[in-house]
Amino acid sequence: FGSASTKIQRNPLFATITSDDISHFKELLGEKNVIQDRDRLLTANMDWMRKYEGSSQLLLQPRSTDEVSQILKYCNSRHLAVVPQGGNTGLVGGSVPVFDEVIINIGSMNNVISLDKVSGILVCEAGCILENLDSFLANQGFIMPLDLGAKGSCQIGGNVSTNAGGLRFIRYGSLHGSVLGLEAVLANGSVLDMLGTLRKDNTGYDLKHLFIGSEGTLGIITKISILTPPRLSSVNLAFLACKDYLSCQKLLQEAKRTLGEVLSAFEFLDSYSMDMVLTHLEGVRNPLPPSTYNFYILIETTGSSESYDKEKLEAFLLCSMEGGLISDGVVAQDINQASSFWRIREGIAEALMKAGAVYKYDLSLPVEQLYNVVNEMRSRLGPSAKVLGYGHLGDGNLHLNISTPEYDDTVFAQIEPFVYEWTSKHRGSISAEHGLGLMKANKIHYSKSSETVQLMASIKKLLDPNGIMNPYKVLPH
Ligand code: FAD
Ligand code: MLT
Ligand code: ZN
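To start, this report covers the structure provided alongside it. In this convention, every chain numbers its residues from 1, walking through the sequence in written order. Just so you know, chain letters begin at A and ligand numbers begin at 1, following the order they were written in. The predicted origin of the model limits local features to residues at a pLDDT of at least 70 and limits the giving and counting of side-chain atom pairs to 80 or more, whereas totals for whole chains, interfaces and linings rest on all residues.

Side note on the overall build of the protein
Strands here mean DSSP runs of E at least two residues long; helices mean DSSP runs of H or I at least four residues long; both are numbered from the N terminus. For the protein, the count of helices and strands is 17 helices and 16 strands. For this measure, only C-alpha atoms enter the radius of gyration; the expected value for a globule follows 2.2 Å times N^0.38, where N is the number of residues. Computed over C-alpha atoms, the radius of gyration of the protein comes to 23 Å, within 12% of the 23 Å expected from 2.2 N^0.38 for 477 residues, which places it in the range of a compact globule. Taking the principal axes of the C-alpha coordinates as reference, the protein spans close to 70 × 55 × 45 Å. Within the protein, the proportion of its 477 residues that are buried is 48%. Working definition of burial: number of other C-beta atoms within 10 Å of the residue's own, with buried at 20 or more, exposed at 12 or fewer, and partly exposed in between, all C-beta atoms being placed from the backbone.

Written out as structure tokens, the structure reads:
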């Protein structure tokens with residue numbers, strides 16, 4: 001099915017699992033953490049989109065850094081390839097085996113280690129689920145600096161390994177800024193303690209950044225230290241309609257200028273995305289009266305003064321309405337209404353899955369250019385496909401999704417390489433926040449020079465000379 005059909009050969013240098021290996025792992029981890037059960041392996045072999053499927057016979061569940069270290073040391077000496085798996089919500093085929101790689105999931109390593117209530121620095125094991133961390137922090141007066149639709153399943157280790165962006169990026173920035181330290185285990189089992197809890201530390205190369213966004217190809221992240229902002233009491237959410245893309249851009253400009261310090265999300269979806277959600281998700285309705293709006297925008301503000309923030313948002317909305325930037329809009333009156341607005345935006349990926357086949361692209365582009373690729377794709381494909389544009393407009397990140405009843409090579413040939421060439425021509429990135437995984441390993445040249453890719457390959461070779469860590473992913477085959 002299209003992009004997943006990359007033809008690759010299993011690396012013959014990798015060994016295959018023997019009964020001695022199984023005995024070794026059972027001795028190391030205990031019987032119940034060495035999973036060979038067919039149903040559990042079926043789930044672990046298949047990605048969230050049901051697009052990529054491996055044939056691993058073994059899932060390991062270590063409970064400590066030492067166990068991760070011993071597993072990797074053994075696999076390295078035996079030339080057994082491995083795939084680190086978190087919540088398995090990745091969207092580029094990076095979290096599942098391609099062939100028979102051993103799956104290592106550190107979901108049992110899910111303890112909070114410490115929270116410094118003065119600085120907001122949280123230290124935790126990498127298997128913690130994002131939503132659990134956010135709930136823990138809510139009780140302590142803090143908030144995770146990232147939020148995404150997959151929060152109920154994804155692990156913070158997976159988030160850091162993909163350098164996930166999400167819905168709060170516009171306010172709190174990249175994980176390259178918030179992650180202060182890491183503990184990671186290399187392929188040979190050595191444990192790198194980079195678990196600093198300092199905001200400033202210029203002692204030599206900052207190696208943790210290599211692991212942020214490395215998608216499990218350089219080592220397994222086992223612990224994380226992350227700066228969490230204070231949880232502010234006043235949150236407002238507006239759901240707005242715009243008649244055209246130019247109005248969306250102007251609204252973004254205005255929001256940045258006038259909402260400034262309280263702006264915490266600026267998300268958009270087009271009417272095709274709205275239709276997709278309304279058709280495929282139960283209990284979802286458009287909060288605005290049926291009309292012919294082309295675009296919808298969610299603007300969230302987060303601040304510390306209820307009256308001041310509300311006044312600010314209302315003045316902004318009034319001015320934007322008078323100026324014709326907004327055609328209609330509604331502000332959530334309570335937390336339930338706010339979550340029903342978020343459900344529309346966060347539910348698009350799920351709705352697309354229910355609709356059939358989906359060709360998924362995650363592009364960074366200059367905001368003025370961003371929607372042109374959606375229009376061009378629509379005219380290329382005609383009525384044979386539904387072309388959706390949505391995403392993190394405030395960060396210049398478009399999710400271009402093409403939905404068809406089933407995967408179709410003729411449609412695929414119309415999409416690729418066009419979408420990558422278009423992005424490269426406009427100096428965009430072919431992966432804004434999802435990573436390269438298996439899907440785009442061979443496409444890296446559209447966004448990176450060959451010298452850069454060569455240096456990446458040298459770093460990979462240095463850290464993982466046998467290439468056992470998540471093979472076939474990220475770097476070209
Ligand atoms: P997995 O999917 O299990 O793994 C992802 C990659 O990280 C794989 O390459 C894997 O090998 C590696 N990995 C996982 N854990 C470790 C570890 N401990 N050490 C080393 N490597 C590891 N992404 C965004 O950026 N923004 C969004 O808004 C967003 N929204 C999403 C919404 C939905 C509904 C879904 C399904 C996905 C979304 N994603 C989004 C994509 C996805 O990247 C994130 O969900 C998340 O960061 C992946 O975390 P995970 O624990 O599921 O990792
Ligand atoms: C989102 O922003 O909704 C996610 O990145 C998932 C997707 O791209 O579909
Ligand atoms: Zn996204």
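Back to the text.
Brief notes about the site of ligand 1
By definition, a residue lies near a molecule or strand when the C-beta atom built from its backbone is within 6 Å of it. In the vicinity of ligand 1 there are 36 residues, among which Gly86, Gly90, Gly157, Gly158 and Gly216 approach most closely. Of all the secondary structure elements, the ones that give two or more residues to the shell around ligand 1 are strand S3 (82-85), helix H5 (156-162) and strand S9 (220-227). Ranked by residue count, the leading element in the shell around ligand 1 is H5, at 5 residues.

Comments concerning the sheet that holds strand S16 (residues 397-404)
Strand pairing is defined by DSSP finding a minimum of two bridges between the two strands. Taken in spatial order, the 7 strands of this open sheet run S13-S10-S12-S11-S15-S16-S14, and their pairing is antiparallel. Edge positions in the open sheet fall to strand S13 (328-331) and strand S14 (357-364), since each of these has one partner strand only. Here the average twist between neighbouring strands, direction ignored, is 15°. Of the strands in this sheet, strand S11 (263-270), strand S12 (295-303), strand S15 (386-392) and S16 touch helix H10 (residues 271-280), which is tilted by about 100° from S15. Axis definition: a line fit to C-alpha positions, over the contact stretch in the case of helices; interaxial angles, taken between N-to-C directions, run 0 to 180 degrees. Whether two residues are in contact depends on their C-beta atoms, placed from the backbone: they are in contact if these lie within 7 Å.

Topic: the nonpolar core
Core analysis: the biggest nonpolar cluster contains 134 residues, and Val82, Ile224, Leu240, Cys242, Cys248, Tyr296 and Ile297 have the highest contact counts within it. When residues in this core are grouped by element, the largest group, 6 residues, is from strand S10 (residues 234-242). Tyrosine 296 has contacts with Phe239, Leu240, Ala241, Phe268, Leu269 and Met274, leaving out every residue within four places of it along the chain. What we call a nonpolar core is a set of buried Ala, Val, Leu, Ile, Met, Phe, Trp, Tyr and Cys residues whose membership is set by joining through C-beta atoms within 7 Å.

Notes on the environment of aspartate 309
Mapped onto the elements of the fold, aspartate 309 is located in helix H11 (residues 306-322). Note: C-alpha distance between aspartate 309 and asparagine 11 (298 residues apart in sequence) is 57 Å.

Here's the deal with the site of ligand 2
Around ligand 2, the neighbouring residues are Gly149, Ile348, Ala349, Asp362, Gly391 and His399. The classification used treats Ala, Val, Leu, Ile, Met, Phe, Trp, Tyr, Cys and Pro as nonpolar, Asp, Glu, Lys and Arg as charged, and all other residues, Gly among them, as polar. Here the residues of the shell around ligand 2 are counted per class, giving 2 nonpolar, 3 polar and 1 charged.

Brief notes about the packing of helix H1 (residues 19-29) against helix H3 (residues 65-78)
Where H1 contacts H3, the axes come no closer than 11 Å and their chain directions differ by 165°. Judged on the interaxial angle alone, H3 and H1 are roughly antiparallel. Crossing of H1 against H3: the hand is right-handed. Two secondary-structure elements touch here, H1 through Asp21, His24, Leu28 and Leu29 and H3 through Glu67, Gln70, Tyr74 and Arg78. Within the contact of H1 with H3, the residues separate by chemical class into 3 nonpolar, 2 polar and 3 charged. Note that the term roughly parallel is reserved for angles under 35 degrees, roughly antiparallel for angles over 145, roughly perpendicular for angles of 65 to 115, and oblique for everything else. In this scheme the crossing of two helices becomes right-handed for a clockwise turn of the near helix relative to the far one and left-handed for an anticlockwise turn of less than a right angle.

Points about H3
The end-to-end C-alpha separation of H3 is 20 Å, in line with the 20 Å expected for 14 residues at 1.5 Å each. Along H3, the residues classified as buried are Thr65, Glu67, Val68, Ile71, Leu72 and Cys75. Taken down its axis, H3 places every buried residue within 160° of arc, on the same side. At the exit of H3 stands histidine 79, carrying a positive phi of roughly 60°. Multiply 1.5 Å by the residue count of a helix minus one, and that product is the helix's expected span. Directions pointing from the helix axis toward each C-beta atom define the arc.

Focus on the sheet that holds strand S2 (residues 59-60)
What the 4 strands build is an open sheet, ordered S1-S2-S4-S3; its pairing is mixed. At either end of the open sheet lies a strand with only one pairing partner, and these are strand S1 (34-35) and S3. Two elements, S3 and strand S4 (residues 102-105), share 4 bridges in a ladder whose sense is parallel. Residue pairing across strands places glutamine 85 opposite asparagine 105, the latter belonging to S4.

Quick look at the environment of leucine 436
Within the secondary structure, leucine 436 sits in the loop between helix H16 (418-425) and helix H17 (450-463). In sequence terms leucine 436 and valine 331 are 105 residues apart; their C-alpha atoms lie 37 Å from each other. Excluding anything up to four places from it in sequence, leucine 436 contacts Val92, Glu215, Ser431, Ala441, Ile444 and Val474.

Focus on unusual backbone geometry
Cis geometry marks the peptide bond from glutamate 416 to proline 417, where omega comes out at 5°. Topologically, proline 417 is positioned in the loop between helix H15 (409-415) and H16. In this structure, arginine 427 is a non-glycine residue whose phi angle is positive, near 55°. Along the chain, arginine 427 falls in the loop between H16 and H17. A positive phi angle, near 45°, is found at asparagine 470, a position not held by glycine. Here asparagine 470 falls in the buried class, since 29 other C-beta atoms lie within 10 Å of it.

Details of the pairing of S15
Among the 7 residues that make up S15, 7 are buried, leaving the element largely enclosed by the rest of the structure. The pairing of S11 with S15 spans 2 bridges and is antiparallel. Looking at S15, one finds that phenylalanine 268 is bridged to glycine 391. When S15 meets S16, the two strands line up antiparallel, connected through 7 bridges. Pairing of valine 387 across the sheet is with isoleucine 402, part of S16. Linking two consecutive strands that pair antiparallel, namely S15 and S16, is a turn of 4 residues; a positive phi of about 65° is found at glycine 396 within it.

Describing the environment of aspartate 244
Locating aspartate 244 in the fold gives a position in the loop between S10 and helix H9 (245-258). As a C-alpha pair, aspartate 244 and isoleucine 326 span 82 residues in sequence and 9.6 Å in three-dimensional space.

Points about the pairing of strand S8 (residues 191-194)
Pairing of strand S7 (residues 179-185) with S8 involves 4 bridges; the strand directions are antiparallel. Paired with glutamate 183 across the strands is aspartate 193, a residue of S8. Remark: 5 residues form the turn of the hairpin made by S7 and S8, two consecutive strands paired antiparallel; glycine 189 in that turn has positive phi of roughly 95°.

Honestly, that's just the spatial picture; any functional story needs more than this.
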